[in-house]
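Chain and residue survey
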Amino acid sequence: MKLSEILLLAVAAGFLVIWIAEYQRTSFGDSYWLLMLFLGFLLAFQYVRTKRLEREKVVSPTIKQMVEDRKKKKK
């Protein structure tokens, strides 16, 4: 995991803990915004992680060759 992913996950976990504490102290409606921040950071973590994994995906040599052949045909 990269630093940005770790930070997003840590912030999401922090908002979850704060939401639980706030929910016990107040009503659900008053602490709803903390829950939404938790979900927002969790979704941001998943998005960043998925994009990184997509970029790092190893392309098979045959696909690389096909792409190169198509580029040669276009020229």
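**As for the packing of aromatic side chains**
Under the defined criterion, the tally for this structure stands at 5 aromatic pairs. Seen from their ring centres, Phe15 and Phe41 are 5.7 Å apart, and the 20° between their planes marks the pair as stacked. Highlighted residues: Phe15 in helix α1 (residues 3–25) and Phe41 in helix α2 (residues 28–56), separated in sequence by 26 residues. You can call Phe41 partly exposed: its relative accessible area is 27%.

**Side note on the pattern of salt bridges**
For the coordinates displayed, the defined rule picks out 2 salt bridges. Between Arg52 and Glu5 there is a salt bridge, with the nearest N and O atoms lying 2.5 Å from each other. Of this pair, Arg52 sits in helix α2 while Glu5 sits in helix α1, and the two are 47 residues apart along the sequence. In this structure, Arg52 and Glu5 share a single accessibility class: buried.

**Concerning the packing of α1 against α2**
α2 packs onto α1 with a crossing angle of 165° between their chain directions and a minimal axis gap of 8 Å. Taken as axis vectors, α1 and α2 run roughly antiparallel relative to one another. Once α1 is placed against α2, the crossing between them reads as left-handed. Across the contact of α1 with α2, the residue classes break down as 19 nonpolar, 2 polar and 4 charged.

**Examining the environment of Lys2**
Its place among the elements puts Lys2 in the segment before α1. Considered as a pair, Lys2 and Arg49 are 47 residues apart in the sequence and their alpha carbons are 8.7 Å apart. Those residues in contact with Lys2, other than ones at most four positions away along the chain, are Arg52 and Glu56.

Calculation rules
- Counting from 1, residues in each chain are numbered in the order their sequence is written.
- Totals for whole chains, interfaces and linings use every residue, but because this is a predicted model, local features are given only for residues with pLDDT of at least 70 and side-chain atom pairs only at 80 or more, for both listing and counting.
- The side-chain figures draw on all heavy atoms in the structure; neither hydrogens nor water molecules are used.
- Under the pairing criterion, centres of Phe, Tyr and Trp rings, with the six-membered ring standing for Trp, must be within 6.5 Å; the plane angle then separates stacked pairs below 30 degrees from edge-to-face pairs above 60, leaving the rest tilted.
- A run of H or I in DSSP counts as a helix once it spans at least four residues, and a run of E counts as a strand once it spans at least two, with each numbered from the N terminus.
- Burial here depends on accessible area, computed with a 1.4 Å probe over protein chains only, as a share of the maximum for the residue type. Under 20% is buried, over 50% is exposed, and the range in between is partly exposed.
- For this document, the term salt bridge refers to a Lys or Arg side-chain nitrogen within 4 Å of an Asp or Glu carboxyl oxygen.
- To obtain an axis, a line is fitted to C-alpha atoms, over the contacting stretch when the element is a helix, and the angle between two such axes runs from 0 to 180 degrees between their N-to-C directions.
- Oblique is the label for any angle not covered by the other classes, which are roughly parallel (under 35 degrees), roughly antiparallel (over 145) and roughly perpendicular (65 to 115).
- Crossings are assigned a handedness: left-handed for a near helix turned anticlockwise from the far helix by less than a right angle, right-handed for a clockwise turn.
- Charged residues are taken to be Asp, Glu, Lys and Arg, nonpolar residues to be Ala, Val, Leu, Ile, Met, Phe, Trp, Tyr, Cys and Pro, and polar residues to be all remaining types, Gly included.
- We call two residues in contact whenever any of their non-hydrogen atoms come within 4.5 Å of each other.

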